[in-house]
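# Close look at the chain arrangement
Okay, here's what each chain looks like letter by letter:
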Amino acid sequence: MKKLQSLGALSLGIFALSAGLNACSGSSSDAASTGSYQGIGSIWTANLAGGNFTITHDTDSDGTVDMTVSGTYIEYSNKFKKLTVTSASGTDAPDVGEEAYGIEIPGFAFFLKPIGGSSEPIVMLQAGSCPTSDYVANWIIAKYQEPTQTPTEHVGNDGTEGFGTASFAISGTTATGTIASYFFEDGVSRDDSSDGMPFTGCSGGKYTFSNGDDEGIFYATANGGALVKPGSGIIFAAPQGSADPTASDWAGTYSGLVFSDSSEDGTFPAKVVLNGSGGGTGKQFTDVENNAVSDEGVTFASLTAKSGLKGIITGTVEGSNGAQPLNCVYSSVAGEELVACNGADDVANGDGVFPMFFFLGVKQ
């Protein structure tokens with residue numbers, strides 16, 4: 001996603017930010033209780049309440065915590081939280097006083113920049129409750145297992161799915177997920193359905209699954225969110241809406257994080273502005289606390305809801321060398337509006353691969 005380099009070269013390694021960022025007048029202590037979250041990309045948990053946080057990490061997914069980080073947080077008017085470490089222990093633990101940024105959709109999701117500078121996203125969903133009713137969600141690839149797009153195998157033409165819809169039938173601690181529709185990254189439809197995959201043994205919102213070559217973890221929330229980790233990939237899902245949205249519905253300013261396959265871009269905070277005419281812009285935050293962004297960025301165009309999918313939007317992301325497909329899920333959940341988008345750079349890297357990116361943001 002080299003064109004998104006134009007959003008800036010800010011390095012924001014979680015718990016690797018230099019200390020001393022100045023608080024702005026728009027901040028608040030955010031003393032209200034929020035929630036507990038769990039996520040994948042190893043196994044993460046986060047608890048945020050009363051201006052304090054605790055984050056744990058489990059490398060082997062066996063329930064043995066190998067790192068614990070605690071501290072305080074404040075929230076700014078642009079929805080970003082600044083986390084400051086007050087104590088930490090375990091493998092690769094950060095130093096006291098180090099800082100990071102995250103964004104929370106209270107009662108639904110929490111996402112933040114990875115520890116140690118990795119570009120793998122840490123996206124967490126509300127912990128504690130398993131779904132009790134059937135539901136339909138729109139899903140989108142947040143991290144590809146094998147990003148193999150090349151100049152001759154343009155985005156979508158290598159058979160890699162990018163987004164779609166799924167229905168979940170709930171029975172006790174078992175959920176059967178069936179893909180209702182799915183699409184290539186460039187919006188071309190694939191087979192409209194597939195056999196159901198069972199997710200079993202739900203406890204605290206966490207299922208496991210095994211289906212042929214796919215084995216992994218499936219997190220689900222009682223209000224319709226999901227995270228699936230098949231192998232090294234990550235799939236994000238949000239509740240499907242009641243009707244197809246229009247540009248006036250998703251129009252607004254979103255704060256979020258970009259997770260990029262580009263080693264130069266990594267992960268960084270971004271501001272996305274979508275207008276009521278199907279277009280928009282994306283720019284990197286250069287100063288989160290003071291709401292300042294880069295002068296340069298990217299342009300989004302031709303954003304259109306896919307009929308009948310009640311929240312899936314397709315369009316293009318445009319840079320200096322042309323346009324690439326852009327796919328987004330728009331959802332309203334827990335009183336907040338969010339967008340989750342994937343796409344690709346318009347320039348291949350040195351290995352002939354179009355670096356992929358994922359943006360997850362909440363409306364300010």
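Each remark here, short or long, concerns the structure printed above.
First, a word on what this report is: a plain description of the structure on this page. Note that the structure is a prediction, hence the values are computed from the model and not measured.

This part covers the overall build of the chain. Of regular secondary structure, the chain possesses one helix and 25 strands. Within the chain, the proportion of its 364 residues that are buried is 51%. For the chain, restricting intrachain contacts to residue pairs at least 6 apart in sequence, the fraction spanning at least 24 positions comes to 54%. Counting only carbon and sulfur atoms, one obtains 46% of the accessible surface of the chain, whose full area is about 13800 Å².

It is worth spelling out the pairing of strand 2 (residues 43-49) at this point. Across seven bridges, the pairing between strand 2 and strand 3 (residues 52-58) is antiparallel. Across the sheet, residue alanine 49 finds its bridge partner in strand 3, namely asparagine 52. If you look at the hairpin formed by strand 2 and strand 3, you'll find two residues sitting between the two strands, and glycine 50 has a positive phi there, around 60°.

By size, the foremost hydrophobic cluster in this structure holds 34 residues, and its most contacted members are Phe108, Leu227, Phe236, Leu338, Phe358 and Leu360. Apart from the residues within four sequence positions on either side, leucine 227 is in contact with Gln38, Gly39, Ile40, Val123, Met124, Leu125, Ile217, Phe218, Tyr219, Ile234, Ile235 and Phe236. Of all hydrophobic cores here, the second largest spans 24 residues; its members include Ala137, Tyr144, Ala166 and Ala226.

With that out of the way, let us pick up the packing of aromatic side chains. Inspection of the entire model under this criterion finds 13 aromatic pairs. An aromatic cluster is defined as three or more aromatic residues linked by ring pairs; in this entry it consists of Tyr135, Phe168, Phe199, Tyr207, Phe209 and Phe218.

Here the structure, examined in full by the defined rule, presents six salt bridges. Put simply, lysine 81 and glutamate 104 hold a salt bridge, and the shortest N to O gap is 2.8 Å. Taken as a pair, lysine 81 in strand 5 (residues 80-90) and glutamate 104 in strand 6 (residues 99-105) lie far apart in primary sequence, 23 residues in all. In this pair, the class of lysine 81 matches that of glutamate 104, namely buried. Here the residues in one salt-bridge network are Glu75, Lys81 and Glu104, joined through shared partners.

Looking at where aspartate 58 falls in the secondary structure, it is placed in strand 3. There is no salt bridge for the buried aspartate 58, and the closest opposite charge comes from lysine 206, which lies 6.2 Å off by N-O distance. Beyond its immediate stretch of four places on either side in the chain, aspartate 58 contacts Ser42, Ile43, Gly63, Thr64 and Asp66.

Under the criterion given, the structure shown has two disulfides. At a sulfur-sulfur separation of 2.1 Å, the disulfide partner of cysteine 130 is cysteine 202. Across the S-S bond of cysteine 130 and cysteine 202 the torsion is about -100°, and the bridge reads as left-handed. Of this pair, cysteine 130 sits in the loop between strand 8 (122-126) and strand 9 (135-143) while cysteine 202 sits in strand 12 (residues 197-203); the two residues are 72 residues apart in sequence, bridging distant segments of the chain. Numbered by position along the chain, the disulfide-linked cysteines of the chain connect as 1-2, 3-4.

Criteria and thresholds
Residues numbered from 1 in each chain as written. Predicted model: local features only at pLDDT ≥ 70, side-chain atom pairs only at ≥ 80, totals over all residues. Heavy atoms only, no water. Helix = DSSP H or I, 4+ residues; strand = E, 2+ residues; numbered from the N terminus. Buried < 20%, exposed > 50% of the residue type's maximum accessible area, 1.4 Å probe, protein only. Contact = heavy atoms within 4.5 Å. Areas by Shrake-Rupley, 256 points an atom, 1.4 Å probe, with all protein chains shown as cover. Pairing = 2+ DSSP bridges. Core = buried A, V, L, I, M, F, W, Y, C linked by side-chain atoms within 4.5 Å. Phe/Tyr/Trp six-rings, centres within 6.5 Å; stacked < 30°, edge-to-face > 60°. Salt bridge = Lys/Arg side-chain N within 4 Å of Asp/Glu carboxyl O. Lys, Arg positive; Asp, Glu negative; His and termini not counted. Disulfide = S-S within 2.5 Å.

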